[in-house]
Amino acid sequence: MSTSIVPQLVGKDLRLLSRIILTFVVVSLIFIAILAAIWDHVPAVVQGNFGFILLIGPAGTCGIVMLMKTNVLEKEKSTQAFIMSLPVTVKEFTRAKLWVNLPVFGLFWAAISAVAFYFAFARGLFPLGGVPFVTMVFLGGFVAYTCILAVSLVSQNLGMTVLCIALFEMATSGYLWAIAFLNPISQHIWGAVAVWNPTAVGIVAAQLLVAVSVIVVTLLVQNTKRDFI
Amino acid sequence: MDLPLAIQCEGVSKRYPHFHLQNVDLSFEQGTVMGLVGPNGAGKSTLMRMVMGLIGPDSGSIRVLGHAMPHDQIAAKRHIGFVAEDMRLYESETIAFHMDFVRSIFDSWDDDYAQVLLRRLDLNEKQKVKGLSHGQRVKATLVLALARRPSLLVFDEPTTGLDPAVRKEVLDEMMNALADETRSILFSSHNTLDVEQISDYITFIYGGRVVESSNKEDFLDGWRRLRLTNPHNRPLPDLPNIKEAQQSGQIWTVTVNQYDDALPAQFTQAGLTVTAVERLTLEEIFLSIVLSAKANIQMKVAS
């Protein structure tokens, strides 16, 4: 039998993470319920800021906890020696970690983004002109996550990963502020219709390209590793 | 058809900033046990990790059960059970979780044998790993390695830190595993008693180099301690196989390897009287080799 054990590795990590994922999903549902309950009773500025924090908090934290547990602690707690004693290569190990983290976080983030869009636009908090910018905000969060995931996988180092989280948190805020002040974006944010001009489309495409490139580069770098314990 | 060698390392080297594994040759056939002995930091774990494909050599070649490592590590590791002293299982999970996981990977997993092992090693599969003692954790990894019925077992210091009772249990299971005559074991330890008990071949490794490697019987047979009296203070004969010599007044104690029955006569011809010829334990040979290798290194550094 020479089939890949990536599915078994993914299944194992999902079982290990199941309680964590479930906890954060429940917390998210509670926060969404709180948001829905207070929505019409607080000023718009509170709705926007409070809603943003309540929605991205559990999803973002869940993503970080998952990558810490599957990538960094695997090495720090020496369970990696057990896994690598099984019929698996570094390449397959990396693929398995990506298959666990990206789909789970991606689905969680997409669901949270959908809820945010509902509250922000379907319930009239912001005009539809803000749709491209808010898309960039949530996509920016996903790109930052892929970068942190890549660093956690390649370095498997707690310090490096924490430093990376801090840096990307600041960098993402700065980057989104910069976009918000770009004229082709800023002039439409408060407009009544969503304008997908070349700048908006270009930024979204660039974000997607960066996310894909980071994953490809991670696989390539991991493939070159000769020592993996 | 001849079976491929269990392990065949040729000219294997690996350089780290503060350690250099140099030009290691090591091989043994299937169905035998190779004991790898050396002090801490000698390079045993590095060599074992290279055998497992976890570390790539800078030069040289490694074949495990006929598979080139690390290139063919997937095919090779389907037939290897690995247990290392520093290998850990998932603390929040039970032994059964790990058994389910390993069972899902290996078609060769033998559930009945796993249950027998659990009973013999006094383990409860429903117990979480975080509640296990060090000895129980080692026994649990042993179950996971043995129940997949591998052709080759690689044990890196499995008995380190175990109490005598658990150590015996682990060694007994390793011996039981050899009931299958084609199964091989590569076993590292700095506990020479363990190695002496189960090995067919012994390799001494020190400072990243293989110092000696041979069949256990030849090995033990080749080393002797000679007790000599030297009343006229004559110089010792210049023999290349003298590994250690200690003087206390007129009494000399000389440790030699590659011993043959003609050797005492050479001391007699040099004017010394041989009062006793004693066999050495593996522990004594180990210490002699380490001291001799250390002295050689210090001489090289000094020159």
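Predicted, not measured: the structure shown is a model, and the values here were computed from it. (Residues numbered from 1 in each chain as written. Chains lettered and ligands numbered in written order. Predicted model: local features only at pLDDT ≥ 70, side-chain atom pairs only at ≥ 80, totals over all residues. Heavy atoms only, no water.)

**Some words on the overall build of chain A**
Assigned secondary structure in chain A consists of eight helices and zero strands. Secondary structure elements in chain A, listed N-terminal to C-terminal, are α-α-α-α-α-α-α-α. Expressed as lengths along the three principal axes of its C-alpha atoms, the size of chain A is roughly 60 × 40 × 35 Å. A burial count over chain A gives 46% of its 229 residues as buried. For chain A, long-range pairs separated by at least 24 residues make up 79% of all intrachain contacts whose partners lie at least 6 apart in sequence. Roughly 10,600 Å² of accessible area belongs to chain A as shown, and the carbon and sulfur atoms make up 75% of that amount. (Helix = DSSP H or I, 4+ residues; strand = E, 2+ residues; numbered from the N terminus. Buried < 20%, exposed > 50% of the residue type's maximum accessible area, 1.4 Å probe, protein only. Contact = heavy atoms within 4.5 Å. Areas by Shrake-Rupley, 256 points an atom, 1.4 Å probe, with all protein chains shown as cover.)

**Focus on the UniProt feature "domain: ABC transporter" (unreviewed entry) in chain B**
Within the UniProt annotation, "domain: ABC transporter" (unreviewed entry) is assigned to residues 7-232 of chain B. Here residues 7-232 of chain B is 33% helix and 31% strand, with 52 Å between the C-alpha atoms at its ends. (UniProt positions renumbered as here; feature names shortened; annotations may be inferred.)

**Some words on the side chain of Ser28(A)**
Along the chain, Ser28(A) falls in helix α1 (residues 6-38). Once residues within four sequence positions are removed from consideration, Ser28(A) is found in contact with Pro58(A), Ala59(A), Phe108(A) and Ile112(A).

**A look at helix α5 (residues 134-146) of chain B**
If you check α5(B), its first and last C-alpha atoms are 18 Å apart, about what 13 residues at 1.5 Å a residue would give, namely 18 Å. All of the buried residues in α5(B) are Gly135(B), Val138(B), Lys139(B), Ala140(B), Thr141(B), Leu142(B), Val143(B), Leu144(B), Ala145(B) and Leu146(B). Contact partners of the buried residues in α5(B): α3 (79-84) of chain A together with β6 (80-84), α3 (95-105), α4 (111-120), β7 (152-156) and α6 (164-177) of chain B. (Expected span 1.5 Å × (residues − 1).)

**Some words on the sheet that holds strand β2 (residues 19-28) of chain B**
All names here are of chain B. Ordered in space as β2-β1-β4-β5, the four strands form an open sheet in which the pairing is antiparallel. This sheet does not close on itself; its edge strands, each paired only once, are β2 and β5 (67-69). Across the sheet, the mean angle separating the axes of adjacent strands is 30 degrees when strand polarity is ignored. The pairing of strand β1 (residues 7-16) with β2 spans seven bridges and is classified as antiparallel. Opposite arginine 15, over in β2, you have histidine 20 as the bridge partner. The strands that helix α1 (residues 44-51) touches are β1, β2, β4 (59-64) and β5; relative to β1, the one it contacts most, it runs at about 120 degrees. (Pairing = 2+ DSSP bridges. Axes fitted to C-alpha atoms, helices over the stretch in contact; angles between N-to-C directions.)

**Remarks on the domain arrangement of chain B**
All names here are of chain B. Along its sequence, chain B is carved into domain 1 (7-219) and domain 2 (221-302). Contacts between domain 1 and domain 2 engage 15 residues on the former and 13 residues on the latter. Taken over both partners, the interface formed by domain 1 and domain 2 buries close to 1,200 Å², and the fraction arising from carbon and sulfur atoms is 68%. At the junction of domain 1 and domain 2, the tally comes to seven residue pairs in polar contact (both at pLDDT 80 or more). (Domains from an automatic or database assignment. Buried area = accessible area lost by both parts, 1.4 Å probe. Polar contact = N/O pair within 3.5 Å; in protein donor to acceptor, adjacent residues only side chain to side chain.)

**Observations concerning the interface of chain B and chain A**
Counting from both sides, the interface comprises 34 residues of chain B and, opposite them, 29 residues of chain A. Across the chain B to chain A interface the summed buried area is about 2,800 Å²; carbon plus sulfur atoms make up 60%. Summed over the three residues of chain B that lose the most area to chain A, namely Leu54(B), Tyr90(B) and Phe101(B), the buried surface amounts to 23% of that side. At the junction of chain B and chain A, the tally comes to two salt bridges. In this structure, the salt-bridge partner of Glu93(B) is Arg19(A), at a minimum N-O distance of 3.0 Å. Between chain B and chain A we count eleven residue pairs in polar contact (both at pLDDT 80 or more) in total. Secondary structure elements with two or more residues in the side of chain B that touches chain A: β1, α2 (73-77) and α3 of chain B. (Salt bridge = Lys/Arg side-chain N within 4 Å of Asp/Glu carboxyl O.)

**Describing the pattern of salt bridges**
Pairing between side chains of opposite charge can happen when their charged atoms approach one another. With the rule as written, the count across this model stands at 23 salt bridges over all chains. A salt bridge links Asp86(B) to Arg49(B); the shortest N-O distance between them is 3.0 Å. Highlighted residues: Asp86(B) in the loop between β6 and α3 and Arg49(B) in helix α1, separated in sequence by 37 residues. Judged by its relative accessible area of 33%, Asp86(B) falls in the partly exposed class. For Arg49(B), a relative accessible area of 8% corresponds to the buried category. Taking the shortest distance from any N to any O, the salt bridge between Glu284(B) and Arg225(B) comes out at 2.7 Å. Taken together, the residues span a long stretch of sequence, with Glu284(B) in helix α10 (residues 282-302) and Arg225(B) in strand β11 (residues 224-229) at a distance of 59 residues. The exposure class assigned to Glu284(B) is partly exposed, which follows from its relative accessible area of 29%. Salt bridges sharing partners connect three or more residues here, namely Lys12(A), Asp13(A), Glu74(A) and Lys97(A).

**A short note on the UniProt feature "transmembrane region" (unreviewed entry) in chain A**
All names here are of chain A. The feature "transmembrane region" (unreviewed entry), as annotated in UniProt, sits at residues 20-38, 50-68, 98-121, 133-154, 161-180 and 200-221 in this numbering. Across residues 20-38, helical content stands at 100% and strand content at 0%; the span's end C-alpha atoms are separated by 27 Å. Taken end to end, residues 133-154 has its terminal C-alpha atoms 31 Å apart, with 100% of it in helix and 0% in strand.

**Here's the deal with the pairing of β11(B)**
All names here are of chain B. Direction of pairing for β11 relative to strand β13 (residues 251-256): antiparallel, over a ladder of six bridges. Bridging from a neighbouring strand, arginine 224 pairs with valine 256 of β13. Bridge count for β11 against strand β14 (residues 273-279) is six bridges, and the pairing is antiparallel. In the strand pairing of β14, leucine 226 is matched with valine 277.

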